[in-house]
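# Overview (structure and organization)
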Amino acid sequence: MNVQDQFNLVAKEYDGNRRHFIPCFDDFYISTTDFIAKTLDMEPRRIFDLGSGTGLLASFWFKYLPNAEYVLCDIATEMLEIAKRRFSGVPNVKYDILDYSKNLPGEKADLIISALSIHHLEHEKKRALFKNILSSLSNSGIFVNYDQFCSENSKINEKIEKYWIEGIKSSPLPETEYDRWLERKKLDKECSVIQEISWLKEAGFKNTDCIYSAGKFSVIIAQK
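A few points on the structure. What you see is a predicted model; the values in this text were computed from it and never measured.

### Concerning the packing of helix H7 (residues 154-169) against helix H8 (residues 175-185)
In contact at an axis separation of 10 Å, H7 and H8 are set at 150 degrees when each is read in the N-to-C sense. Looking at the two axes, H7 sits roughly antiparallel to H8. Crossing geometry of H7 relative to H8 is assigned as right-handed. Here H7 contributes Glu161, Trp164, Ile165, Ile168 and Lys169 to the contact with H8, which in turn contributes Tyr178, Trp181 and Lys185. For the contact of H7 with H8, a count of residues per class yields 5 nonpolar, no polar and 3 charged.

### Regarding helix H5 (residues 77-86)
What H5 keeps buried is the set Met79, Leu80, Ile82 and Ala83. End-on, the buried residues of H5 take up no more than an arc of 155 degrees, which puts them together on one face.

### Here we look at the packing of helix H6 (residues 123-136) against helix H9 (residues 193-203)
Packing of H6 against H9 brings their axes to within 9 Å, and their N-to-C directions diverge by 45 degrees. Comparing their axes, H9 and H6 come out oblique. Pair H6 / H9 crosses with right-handed handedness. The residues of H9 that touch H6, namely those facing His123, Lys126, Arg127, Phe130, Lys131 and Leu134, are Glu196, Trp199, Leu200, Glu202 and Ala203. For the contact of H6 with H9, the residue count by class is 5 nonpolar, 1 polar and 5 charged.

### Regarding the side chain of Asp188
You can see Asp188 is positioned in the loop between H8 and H9. Notably, Asp188 is buried but unbridged: the nearest opposite-charge side chain belongs to Lys185, and the N-O separation is 4.8 Å. Of the polar contacts made by the side chain of Asp188, one reaches the side chain of His119; its length is 3.1 Å. At a separation of 2.9 Å, a polar atom in the side chain of Asp188 contacts the side chain of Gln148.

About the cut-offs
- Residues numbered from 1 in each chain as written.
- Predicted model: local features only at pLDDT ≥ 70, side-chain atom pairs only at ≥ 80, totals over all residues.
- Heavy atoms only, no water.
- Axes fitted to C-alpha atoms, helices over the stretch in contact; angles between N-to-C directions.
- Helix = DSSP H or I, 4+ residues; strand = E, 2+ residues; numbered from the N terminus.
- Parallel < 35°, antiparallel > 145°, perpendicular 65-115°, else oblique.
- Left-handed = near helix turned anticlockwise from the far one by under 90°.
- Contact = heavy atoms within 4.5 Å.
- Nonpolar A, V, L, I, M, F, W, Y, C, P; charged D, E, K, R; others polar.
- Buried < 20%, exposed > 50% of the residue type's maximum accessible area, 1.4 Å probe, protein only.
- Arc of directions from axis to C-beta.
- Lys, Arg positive; Asp, Glu negative; His and termini not counted.
- Salt bridge = Lys/Arg side-chain N within 4 Å of Asp/Glu carboxyl O.
- Polar contact = N/O pair within 3.5 Å; in protein donor to acceptor, adjacent residues only side chain to side chain.

See below:
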């Protein structure tokens, strides 16, 4: 299966199982969003969420920026259907079924966010995407990537992977969902945090750094 098919398959269970897959869920999603939102040097008027899925990440940002216009972008239509139910009756949340590795929404955004999606792209597509994101941001716009990464050191990476997988396997996650996750994991094309930061700088971003990291999960922020 491709990425679109895999995520359509698990759409209904996706949010409920996130905490099993992400042991640092609260820090990764909630604490980092709180920090960024409270220290922004501008008031974003338009926000793109790339690979938004069920709208989980956007829901955390919405608490801080309820008046911004949100554009939730994904290729998995069933995921976006769940997002539409999440934001039912909210007129400033829009939806765009697209492959963001090929094109982004037409208007510029002040803030572009993404969670656990970009690591599915081949490295060259990541580098091309970062250039497109830069072009799609307004002046001094910000890109935040909450994602899954590998370690620069292969031996350490093996230990982190093993620890992570064993933790998921021993969690209350149903065996069928664990097996589906292993299949989705085959689609991962991780880079290291150091690699991604270098590609962001290569694309033209400034003030780029990793503001959170725990095991497989890190959050990188970059400003135009």
